[in-house]
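# Chain and residue survey
What follows is the residue order along each chain.
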Amino acid sequence: MQPLSPREIVAELDKFIIGQHNAKRAVAIALRNRWRRQQVPEELRDEIAPKNIIMIGPTGVGKTEIARRLAKLAQSPFLKIEASKFTEVGYVGRDVESMIRDLTELAVNQIKAEEAEKVQAKAMEIAEERVLDLLLPLTPPRQRTTKDKAPQSGEGGESDQAEKQQAVSTREKMRQWLRDGRFNEKEVELETTQQNIPMVEIFSASGIEEMDINIKDMFGNIFPKRTRKRKVKIPEALQIIAREEAQKLVDMDMVTKLAIERVEQSGIIFLDEIDKIASRDQFHGPDVSREGVQRDLLPIVEGSTVTTKYGMVKTDHILFIASGAFYVSKPSDLIPELQGRFPIRVELSSLTKEDFIRILTEPQNALLKQNIALMATEDVSLEFEHEAVEKIAEIATLVNERTENIGARRLHTIMEKLLEDYSFDAPQLKGKKIVITARYVMEKMEDLLKNEDLSRYIL
């Protein structure tokens with residue numbers, strides 16, 4: 001597939017995220033640069049380091065949403081993880097290298113699925129043959145004993161040949177019926193393999209997180225596989241057998257090799273909540289752990305080699321995109337070495353009333369469209385007047401100013417409160433049309449807006 005151009009990437013993001021043009025441009029350029037690096041001569045390719053990005057902005061303005069949509073657009077292994085999950089080496093918790101192991105696991109599954117798709121036609125052919133064997137086993141020609149009368153010249157051969165031709169003809173007829181769906185309701189007995197492995201949970205020091213997987217592999221060789229007979233309908237039997245055969249046809253050594261290469265050359269890691277590991281005051285105890293996480297993170301971002309169960313993975317060319325609200329701390333609170341590894345910084349702006357109106361109506365997954373679709377399942381027609389949409393956006397802006405600014409997430413709270421009664425009574429309103437007006441919005445929200453304490457508590 002041809003990689004998207006920066007303009008096309010921004011256009012795709014615009015379908016779901018309102019505003020934040022600078023952040024979209026930075027991400028689009030970074031993504032395109034992954035492809036550009038692959039096109040340069042090999043001797044120069046290793047010298048081109050990825051330009052990591054920090055997205056700075058308040059909560060609810062689209063940082064995580066950009067990451068989610070980017071995951072669908074990126075033609076590469078993509079992992080989103082919270083930096084606050086990591087702890088300094090020596091403390092209980094996840095070590096920073098685990099994100100490389102997770103990314104490698106994702107890449108292996110991704111390529112395994114791609115390879116399974118390539119052999120799907122062959123697997124389905126094998127599955128079809130096995131199902132036909134279950135429906136109509138191929139019987140060998142009759143075996144004659146010495147007691148049987150000796151056949152005359154050519155008689156036995158002709159008889160066997162006729163039987164073979166008849167069996168083949170019957171099988172081909174059955175094959176056509178199978179493809180036409182005539183056997184869809186018929187059940188067959190299928191033997192499936194299952195392996196009972198004891199549940200093992202490992203509480204280990206950092207770097208040995210994958211030990212439980214290796215123990216599973218070890219137990220897998222010790223405990224025998226058990227087969228279980230199941231009665232399933234023909235379409236399900238075809239799917240089960242095709243899945244098993246596809247797994248056998250996939251070359252796992254090649255999958256592993258390709259996965260490691262893909263992670264090393266085009267992997268992307270989105271580090272959310274990086275502001276939570278920024279040291280605000282070096283004399284406080286917990287901040288020692290925060291700074292320790294940064295120092296553990298530094299070699300991974302700079303480029304090092306991480307041991308995974310699939311082999312050694314180099315992190316030199318993995319792209320890191322970090323994001324944080326930075327309410328209390330600042331990007332300058334990160335250790336200087338880590339700051340230097342994130343040369344591109346983009347600030348995401350707070351959302352205005354106009355942004356809220358656009359968020360409610362424009363994106364493909366707009367909040368109003370979601371609620372209209374939900375009510376349509378109950379055969380209730382829901383409609384929002386433009387003035388009502390403006391009023392909802394105005395209330396969201398007002399509440400964000402009075403209380404904590406949680407950005408677009410405030411719209412979810414207001415919409416749920418606004419449609420609470422209709423959502424509850426929807427089964428009894430079947431066939432009716434409901435129009436949400438600005439007056440109705442004010443009636444539902446007026447008391448909450450007047451009482452600031454209640455507004456803080458409910459909205």
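The structure we're discussing is the one just above.
Residues numbered from 1 in each chain as written. Predicted model: local features only at pLDDT ≥ 70, side-chain atom pairs only at ≥ 80, totals over all residues. Heavy atoms only, no water.

So, on to the layout of surface pockets. Within this model, the largest pocket holds a volume of roughly 810 Å³. Together, 32 residues line the largest pocket, and Gly60, Val61, Gly62, Glu65 and Arg409 are the ones closest to its centre. Taken together, the elements giving at least two residues each to the lining of the largest pocket come down to helix 4 (63–73), helix 14 (367–376) and helix 16 (409–418). At four residues, helix 4 tops the list of elements feeding residues into the lining of the largest pocket. (1 Å grid on protein atoms, 1.4 Å probe; cavity = no way out; pocket = protein on both sides within 12 Å on 5 of 7 lines; lining within 4 Å. Points joined across faces, edges and corners; volume = space filled by probe spheres on them. Helix = DSSP H or I, 4+ residues; strand = E, 2+ residues; numbered from the N terminus.)

Our next topic: the environment of Leu73. Within the secondary structure layout, Leu73 lies in helix 4. For the pair Leu73 and Leu13, spaced 60 residues apart in the sequence, the C-alpha separation amounts to 9.0 Å. Leaving out residues up to four positions away in the same chain, Leu73 has contacts with Leu4, Ile9, Glu12 and Leu13. (Contact = heavy atoms within 4.5 Å.)

This part is about the sheet that holds strand 5 (residues 268–272). Ordered in space as 2-5-8-1-9, the five strands form an open sheet in which the pairing is parallel. Bordering the open sheet on either side are strand 2 (78–82) and strand 9 (344–347), each of which pairs with just one other strand. Across the sheet, the mean angle from the axis of one strand to that of its neighbour is 15°, orientation sign disregarded. The strands touched by helix 4 within the sheet are strand 1 (53–56), strand 2, strand 5 and strand 8 (319–324), with strand 2 carrying the most contacts at an inclination of about 155°. (Pairing = 2+ DSSP bridges. Axes fitted to C-alpha atoms, helices over the stretch in contact; angles between N-to-C directions.)

Below, the discussion takes up helix 18 (residues 438–450). Under the 1.5 Å per step criterion, the end-to-end length of helix 18 is 17 Å for 13 residues, consistent within 8% with the ideal 18 Å. The sharpest bend along helix 18 reaches about 40° and sits at Lys444. Three or more residues of helix 18 are buried, namely Ala438, Tyr440, Val441, Met445, Leu448 and Leu449. (Expected span 1.5 Å × (residues − 1). Bend = angle between axes of the 7 residues up to and from the residue. Buried < 20%, exposed > 50% of the residue type's maximum accessible area, 1.4 Å probe, protein only.)

All chains considered together, the criterion is met by 25 salt bridges. Measuring nitrogen to oxygen at the nearest pair gives 3.0 Å for the salt bridge that ties Lys15 to Glu12. The partly exposed category is assigned to Glu12, whose relative accessible area is 27%. For Lys391, the salt bridge is made with Glu394, and the minimal N-O distance between the two is 3.7 Å. Placement of both Lys391 and Glu394 in helix 15 (residues 386–402) is noted, with a separation of three residues, approximately one turn of the helix. On the basis of relative accessible area, Glu394 is assigned to the partly exposed category, the value being 38%. Each of Lys80, Glu82, Lys85 and Asp272 takes part in one network of salt bridges that share partners. (Salt bridge = Lys/Arg side-chain N within 4 Å of Asp/Glu carboxyl O.)

Inspection of every chain in the model, using the stated rule, returns one aromatic pair. When the ring of Tyr422 is compared with that of Tyr440, the centres are 5.5 Å apart and the planes differ by 35°; the resulting orientation is tilted. Here Tyr422, found in helix 17 (residues 420–425), pairs with Tyr440, found in helix 18; they are 18 residues apart in sequence, far enough to count as distant. Look at Tyr422 and you get partly exposed, because its relative accessible area is 22%. Here the basic side chain of Arg69 rests over the ring of Phe16, its NZ or CZ set 3.9 Å away from the ring centre. (Phe/Tyr/Trp six-rings, centres within 6.5 Å; stacked < 30°, edge-to-face > 60°. Lys NZ or Arg CZ within 6 Å of the ring centre and 35° of its normal.)

Glancing now at the packing of helix 1 (residues 6–14) against helix 4. Viewed as axis vectors pointing N to C, helix 1 and helix 4 meet at an angle of 125°, and their least axial separation amounts to 10 Å. As judged from the angle between their axes, helix 1 and helix 4 are oblique. For the crossing formed where helix 1 meets helix 4, the hand is right-handed. Residues Ile9, Glu12 and Leu13 of helix 1 form the contact with helix 4, whose participating residues are Ile66, Arg69, Leu70 and Leu73. Grouping the amino acids of the contact of helix 1 with helix 4 by side-chain chemistry returns five nonpolar, no polar and two charged. (Parallel < 35°, antiparallel > 145°, perpendicular 65-115°, else oblique. Left-handed = near helix turned anticlockwise from the far one by under 90°. Nonpolar A, V, L, I, M, F, W, Y, C, P; charged D, E, K, R; others polar.)

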